[in-house]
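Spelled out from the first residue to the last, the chains are:
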Amino acid sequence: MYMPKQKTKEKKPKRKAAATAEASDKKLKTYALLRGMHDVLPREEKHWKNLYHTAENLAEHFQFSRIETPLLEEANLFIRSIGKGTDVVDKEMYVFEDRDGNKVALRPEATASAVRAYIMHGMWNMSQPIKLWYWGSMFRYDRPQAGRYRQFNQVGYETIGDADPVADAELILVAHNFYKDLGLPVEIHINSIGTPEERQRYKVALVDYYRSKRSYLCDDCKQRLNKNPLRLLDCKQERCQPVKEDAPQIIDWLEEESKNHFMKVLEYLDELAVPYVLKSTLVRGLDYYTRTVFEVYPAVTDAGAPTSVGGQQSALGGGGRYDFLVEEIGGRPAPAARFCLGIERSVSALKQYMDANKIKPPVQKFDAYLAQLGDHARRRALKAINELRSSGLKIDYNFSKNSLKSQLEAANSLQVPYALILGQKEVQDGTIIIRDMESGVQEIVDQKKVENLLKKKLSRFDDDKK
């Protein structure tokens, strides 16, 4: 009778232990990012914010209006605009059927969406050109690597309704100024790929040349030879580079009108002192381009500008003219030009350059730091911060810090000119202490007067710095 009881007692703890282990396993379950996706963490925010404000300021100065288009569009919109035979359409688009059986796609780029909106909302009836800009996520099922993700972000600018070379030059200037304002030296690689008729004649010569070199080509280029010959010039495989460098140049197949257009674009860039490199093999990866095409690269400088993003030289972005796309997707004929820049690549290149040159990223500037002591002061402090924010003053604070010393050390590290100190006594008296962080001089003022007094002090502080 004793032994069975003992066995029964031994089994129960084992079942309990197993159940506990199973519960523990469930509790420890974690989730990772999908392959090719990435998080933008708070420590990177200063760079992203800097890029966004730079793009926004340029758009305002050069009169581009913001447009937001959906992440999801009809798949045929991109197939028709980007073109069959391109890597984007054949290999990289996220295409699926929704619950209604519609074939839809996550946008791989935003120009087709912007043109769709231009047609759909009758913008062709407005004064031309229409100048648009956007910032947002794109999706391509690409091979993940440093600086290249399956969900990535772009900023882009579109000019629709202007055939003049000045529109091309203006967009290139905006792209150049984007990096100039950020402090990253870049250069423009530029070419002209002419009209569709000129390209067709050029393709005949290009295919004849590449067929004679077929044994030297990568597998992808052997397929491109029959499907989309211009993509041969877009190949990045090392084994294809010697063949590409000796290929016929499209400039020799351009007629006078296309040559004159290209020369005028270059004359504008010379006048603007925008550095560029003529690149005869530059074609870009999308079918809708005509005439001017360009890409933006980090410049090689003595100061140590980065020459690569993700281990090889990579374009930060690019663009060009697309004079027939509006008509091809159902609109009235309208010449147009555009460019877009990769945000992740731009952040990576900027960080490399800043690290190489020991440049510190911009620090958010605050007008003052509000230090508080005690529960009553903390409640009053939050109200004071909100009131000062409404008047345009930027106040930093940290409610998790309790000691005055630690809060003043934080204020000092932020290099704020003034600290506001609020304790239990100040709450009772309706006062607040303003401390000059440089001299250490303090004065007690009425809480109702702190806004005007702080603004006067900040005004004098700014004048002294000048």
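First, a word on what this report is: a plain description of the structure on this page. The shown structure was predicted, so the numbers you read here are calculated from the model rather than taken from an experiment. (Residues numbered from 1 in each chain as written. Predicted model: local features only at pLDDT ≥ 70, side-chain atom pairs only at ≥ 80, totals over all residues. Heavy atoms only, no water.)

A word on the packing of helix H3 (residues 75–82) against helix H5 (residues 111–120)
Packing of H3 against H5 brings their axes to within 10 Å, and their N-to-C directions diverge by 105°. The angle between H3 and H5 places the two elements in the roughly perpendicular class. Two secondary-structure elements touch here, H3 through Leu77, Phe78 and Ser81 and H5 through Ala112, Ser113 and Arg116. Looking at the contact of H3 with H5 residue by residue, the class counts come to three nonpolar, two polar and one charged. (Axes fitted to C-alpha atoms, helices over the stretch in contact; angles between N-to-C directions. Helix = DSSP H or I, 4+ residues; strand = E, 2+ residues; numbered from the N terminus. Parallel < 35°, antiparallel > 145°, perpendicular 65-115°, else oblique. Contact = heavy atoms within 4.5 Å. Nonpolar A, V, L, I, M, F, W, Y, C, P; charged D, E, K, R; others polar.)

A short note on the layout of surface pockets
Estimated volume of the second largest pocket: approximately 380 Å³. Around the second largest pocket sit Pro42, Arg43, Glu45, Lys46, Lys49, Asn50, His53, Pro362, Val363 and Gln364, which together line it. Its residues assigned to classes, the lining of the second largest pocket comprises three nonpolar, three polar and four charged. (1 Å grid on protein atoms, 1.4 Å probe; cavity = no way out; pocket = protein on both sides within 12 Å on 5 of 7 lines; lining within 4 Å. Points joined across faces, edges and corners; volume = space filled by probe spheres on them.)

Here's the deal with unusual backbone geometry
The omega torsion of the bond from Gln128 to Pro129 falls at 5°, within 30 degrees of zero and hence cis. Tracing the chain through its elements places Pro129 in the loop between H5 and strand E5 (130–139). Even without being glycine, Ala273 reaches a positive phi, approximately 60°. Structurally, the position occupied by Ala273 is in the loop between helix H10 (256–272) and strand E8 (276–278). For Ala273, a relative accessible area of 60% translates into the label exposed. (Buried < 20%, exposed > 50% of the residue type's maximum accessible area, 1.4 Å probe, protein only.)

Quick notes on the sheet that holds strand E2 (residues 72–74)
Spatial strand order, E2-E4-E3: three strands in an open sheet with antiparallel pairing. Strands at the two margins of the open sheet, each flanked by one partner only, are E2 and strand E3 (94–97). If you compare each strand with its neighbour and ignore which way they point, the axes differ by 35° on average. Two elements, E3 and strand E4 (residues 103–106), share four bridges in a ladder whose sense is antiparallel. (Pairing = 2+ DSSP bridges.)

Overview of empty space enclosed by the protein
Using the criterion set out here, one finds two cavities of 30 Å³ or more in the structure. The space that makes up the second largest cavity amounts to roughly 30 Å³. For the second largest cavity, the full set of lining residues is Ile67, Glu68, Thr69, Arg107, Tyr134, Trp135 and Gly136. Residues of the lining of the second largest cavity, tallied by class, amount to three nonpolar, two polar and two charged.

Notes on helix H14 (residues 404–413)
Among the residues making up H14, those that are buried are Ser406, Gln407, Leu408, Ala410 and Ala411. Here the buried face of H14 lies against strand E12 (368–372), strand E14 (418–422) and strand E15 (431–436). Positive backbone phi, approximately 60°, marks Gln415, located one or two places after H14.

A few points about H3
Counting buried positions along H3 gives six out of eight residues, so the element sits mostly inside the fold. Of the residues making up H3, those classed as buried are Ala75, Leu77, Phe78, Ile79, Ser81 and Ile82. Trailing H3 by a residue or two, Gly83 shows a phi angle of about 110°, which is positive.

Quick notes on the nonpolar core
If you look at the biggest cluster of nonpolar residues, it comprises 56 residues, and the most contacted ones within it are Val115, Tyr118, Ile160 and Tyr210. Ranked by residues supplied to this core, first place goes to H5 with six residues. (Core = buried A, V, L, I, M, F, W, Y, C linked by side-chain atoms within 4.5 Å.)

What about the pattern of salt bridges?
Taken as a whole and assessed by the stated rule, the structure comprises 17 salt bridges. A salt bridge links Lys131 to Glu170; the nearest nitrogen and oxygen atoms lie 2.9 Å apart. Residue Lys131 is found in strand E5, and its partner Glu170 is found in helix H6 (residues 165–182); the two are separated by 39 residues along the sequence. Assessed through its relative accessible area of 15%, Lys131 is described here as buried. (Salt bridge = Lys/Arg side-chain N within 4 Å of Asp/Glu carboxyl O.)

A closer look at the side chain of Thr431
Along the chain, Thr431 falls in strand E15. Apart from residues no more than four positions distant in its own chain, Thr431 is found in contact with Leu422, Glu426, Ile444, Val445, Asp446 and Gln447.

Structural notes on the pairing of E4
With three bridges connecting them, E2 and E4 associate as antiparallel partners. Within E4, the position partnered with Glu73 by the bridge is Ala105. Here E3 folds back onto E4, and the loop between the two strands holds five residues, one of which, Gly101, carries a positive phi near 85°.

Some thoughts on the packing of aromatic side chains
For the coordinates displayed, the defined rule picks out 13 aromatic pairs. Taking 6.1 Å as the distance between ring centres and 20° as the angle between the ring planes, the aromatic pair formed by Trp133 and Tyr157 counts as stacked. Of the two residues, Trp133 sits in strand E5 while Tyr157 sits in strand E6 (residues 151–160), which places them 24 residues apart along the sequence. Residue Trp133 shares its accessibility class with Tyr157, and that shared class is buried. Ring centres of Tyr202 and Trp253 lie 5.5 Å apart, and the angle between their planes is 65°; this geometry places the pair in the edge-to-face category. Here Tyr202, found in helix H7 (residues 196–211), pairs with Trp253, found in the loop between helix H9 (241–245) and H10; they are 51 residues apart in sequence, far enough to count as distant. Of the aromatic side chains, those joined through ring pairs into one cluster are Tyr52, Phe64, Trp133, Trp135, Tyr157, Phe294 and Phe339. The ring of Phe64 has Lys131 sitting right over it, with the charged end atom 4.7 Å from the ring centre. Note that Arg150 overlies the ring of Tyr141, its terminal NZ or CZ placed 3.8 Å from the centroid. (Phe/Tyr/Trp six-rings, centres within 6.5 Å; stacked < 30°, edge-to-face > 60°. Lys NZ or Arg CZ within 6 Å of the ring centre and 35° of its normal.)

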